[in-house]
Amino acid sequence: MSTEQHAASSPSAAASPASLSAAPTRAMRLWPMVLLVAAYWAFVTVMGRLDMPIYVIFMSSMAASALVLLAFTGWWLTRGAVSIRERLIGLAALWGGMIVAGLASDPSVGVIGLVFVGVPIVVTVWLIWLAFARGRSTDFRRWGSVALMLVVWAGFTLARVEGIDGQNRAELSWRWSPSKEDAYAVELAKLAPSKTDAATDAPAQTVTLQEGDWPDYRGPDRLGEVHGVRIATDWNDSPPKELWRRPIGPAWSSVLVVDNRLFTQEQRGDSETVVCLDPATGREIWNHGDKSRFSDGQAGAGPRATPVFAEGRIYSLGASGILNCLDAATGKLRWTRNIVTDSGAPLPMWGFSSSPLVIEDKVVVYAGGPNDKGLLAYRAEDGEPAWTVATGPASYSSAQRVVLDGKPQILFLSDTGLIAVDPGTGAVQWKHDAVGAGTWRVVQPRQVSDASFLIGSEDLGLVRLDVSSESQGSNNPGSDSQSWTPTARYVSRGIRPAYNDFVLLDGFIYGFDESIFCCVDLETGKRRWKAGRYGHGQVLLVADQPVLVVLSESGEAVAVAANPDKHEELGRFQAVEGKTWNHPVIAHGRLFTRNGEELACFELKPAE
């Protein structure tokens, strides 16, 4: 036997480290993880198409990503076909890469974002590589795996998340590219008046409420209705004429239109700003800014609430809790409060979002503070505290004025239920317990008759309450007091209004069941139809026509017939570009639409 033949047959030669690195490896059973990862992507795809509550989509997607991470970790650690050294190197690349990339990534991504999105992608890429590397050397498989994972993790450090829509889909951009806010700051220098605060240049006059104005969140009485108007709806062939369009800073505020003035809020860099524009041209008249900035990973930066006009003044609430009273004509600050300081409330997850309510001589805002510091009332004239009342700690709804038995009351919905409050004293008149600890409730309560009300939320569905009253004797001679008792007439799952207010016409409710538009019978709570995928948009009722103007989550304005028998689209056009959660407004024959990027005004042709 030759020396070469002897060496080839030698046991010591077969067991050398060099030959182990070069020899083909024993095949791993990949199919368990392939099935799990395939199930994950199928689950994510189906969840994206189903009309599920937003928090269910978010929490289930997070749980599914965490399951993939933990399952893959356990599976990889038990691979007998892989050396302990390779297993440890692989886990270091998976977990270490995730942590390092999370710390090095843009703050809008972070470690949590990589667990949510990055882990399934990295695990999928790793499985594809392991399948490709079958039968090849250990070094090829091991270092190829590490290189691929590091490349993918590094890729996440290049991205910036601009926000997440109602279906938890992220909008991404390159990290180094100018943000939309950066681009707006450049444009702002061209659009804004030359002085930092244009209030000093505004004409000294009094702004008064005119017929056809839009002075409050969702319009007069906060009902989302416009009256005395009939509009042409052939928007497919003849869309409304665009009168002007301008960029605007991020915010989820709607607009007010009062006495030839337009008011809204926006974020300008590190300032929450109330702006006054000319509704005919979009030209800025004045602005007032406060050094404050709030931002979250889903909704982004900027104020959330809509200002309110009353008696020549604008009352605004910023996302961080700054409550201002401004002169509507000049923007001059009359008084200011900080509701965090006044209530001891923590900053909500998505910022303070409730629009102030002006009722009688009070301004009422929601803080959600401890003890009795839930709703706060201030004197409208000077901002001095008037009263406080306890509520639940979680809500993004706004106080609502109603009249019951001839007496004004304030309704407010939070995670503990609905309360009715006397606007003069803050005394609780009645309440309906609907406890959902920590559950955010957003939608406005709605009075549907003299003593009947609707409340709705993602967890409750739709609840109709009938309130009975009873006169009671008083200790004061010649006076009587009243007591009220609410009773649930029905609880309906025909509509689950999550973040989108509904409207009411002729005994039928029109609004969003999660992300799909629907019609529900007011008397029974039963759904009549469900159609129209407009995302998490908003709706406005043209009551005299009857027509619904839906502003979709993607910025399309859609005219829909208010028809309880069927869903019927009349026309649509693209009003604004980008994610749109702001309520549309119709005033003086014009449609105003905005989101966190642009504000546009359209002339509505009257119906023939």
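Residues numbered from 1 in each chain as written. Predicted model: local features only at pLDDT ≥ 70, side-chain atom pairs only at ≥ 80, totals over all residues. Heavy atoms only, no water.

Here's the deal with unusual backbone geometry
Here the amide bond leading from Q545 into P546 is cis, since omega sits at -5 degrees, within 30 degrees of zero. Relative to the helices and strands, P546 is located in the loop between β31 (538–542) and β32 (547–551). In this model, R218 sits at a positive phi of 65 degrees, which is unusual for a non-glycine residue. The buried category is assigned to R218, whose relative accessible area is 6%. Even without a glycine there, the phi angle at D221 is positive, about 65 degrees. If you trace the backbone, D221 turns up in the loop between α9 (180–191) and β3 (225–226). (Helix = DSSP H or I, 4+ residues; strand = E, 2+ residues; numbered from the N terminus. Buried < 20%, exposed > 50% of the residue type's maximum accessible area, 1.4 Å probe, protein only.)

What to know about the sheet that holds strand β21 (residues 417–421)
Here four strands make up an open sheet; going across it, the order is β19-β20-β21-β22 and the pairing antiparallel. Among the strands making up the open sheet, the edge pair consists of β19 (400–404) and β22 (428–433). Recorded for the sheet is a direction-independent mean angle of 25 degrees between the axes of neighbouring strands. In this structure, β19 lies alongside strand β20 (residues 407–414), joined through five bridges in antiparallel fashion. Residue pairing across strands places Q400 opposite L411, the latter belonging to β20. (Pairing = 2+ DSSP bridges. Axes fitted to C-alpha atoms, helices over the stretch in contact; angles between N-to-C directions.)

Brief notes about the packing of helix α5 (residues 54–77) against helix α6 (residues 84–104)
The interhelical angle for the contact between α5 and α6, taken along N-to-C directions, is 160 degrees, at an axis separation of 9 Å. As judged from the angle between their axes, α5 and α6 are roughly antiparallel. For the pair α5 and α6, the crossing hand works out as left-handed. On α6, the residues touching L69, F72, T73, W76 and L77 of α5 are E86, R87, G90, L91, L94, W95 and M98. Taken together, the residues of the contact of α5 with α6 break down into eight nonpolar, two polar and two charged. (Parallel < 35°, antiparallel > 145°, perpendicular 65-115°, else oblique. Left-handed = near helix turned anticlockwise from the far one by under 90°. Contact = heavy atoms within 4.5 Å. Nonpolar A, V, L, I, M, F, W, Y, C, P; charged D, E, K, R; others polar.)

Notes on the packing of aromatic side chains
Going through the model one piece at a time under the given rule, you end up with 24 aromatic pairs. Arranged with centres 5.4 Å apart and planes meeting at 50 degrees, the rings of F72 and W75 form a pair that is tilted. Residue F72 and its partner W75 are located together in helix α5, separated by three residues, close to a single helical turn. Across this residue pair, the class does not change: F72 and W75 are buried. Measuring from centroid to centroid gives 5.1 Å for F512 and F517, while their planes differ by 75 degrees, and the two rings are edge-to-face. Relative accessible area serves as the criterion here: at 0%, F512 is assigned to the buried category. Residue F517 is classed as buried on the basis of its relative accessible area of 0%. By way of ring pairs, the aromatic residues Y510, F512, F517, W529 and Y534 are connected into one cluster. The ring of F132 has R136 lying over it, and the distance from NZ or CZ to the ring centre is 4.9 Å. One Lys or Arg, K579, reaches over the ring of W581 and ends 4.3 Å from the middle of that ring. (Phe/Tyr/Trp six-rings, centres within 6.5 Å; stacked < 30°, edge-to-face > 60°. Lys NZ or Arg CZ within 6 Å of the ring centre and 35° of its normal.)

Quick notes on the nonpolar core
Judged by nonpolar contacts, the single largest core of 34 residues is most densely connected at F72, W75, W76, L94, V123, L127 and W153. Other than its neighbours up to four places away in sequence, W76 contacts M28, V82, E86, R87, G90, L91, W126 and L130. One finds W235, I248, A557 and V576 within the second-largest nonpolar core, a separate group that totals 31 residues. (Core = buried A, V, L, I, M, F, W, Y, C linked by side-chain atoms within 4.5 Å.)

Structural notes on α5
Over its 24 residues, α5 runs 35 Å from end to end, which matches the ideal 34 Å to within 8%, given 1.5 Å per residue. Regarding α5, the residues found buried are I54, I57, S60, S61, A64, S65, V68, L69, F72, T73, W75 and W76. Close packing links the buried residues of α5 with α4 (31–49), α6 and α7 (110–132). (Expected span 1.5 Å × (residues − 1).)

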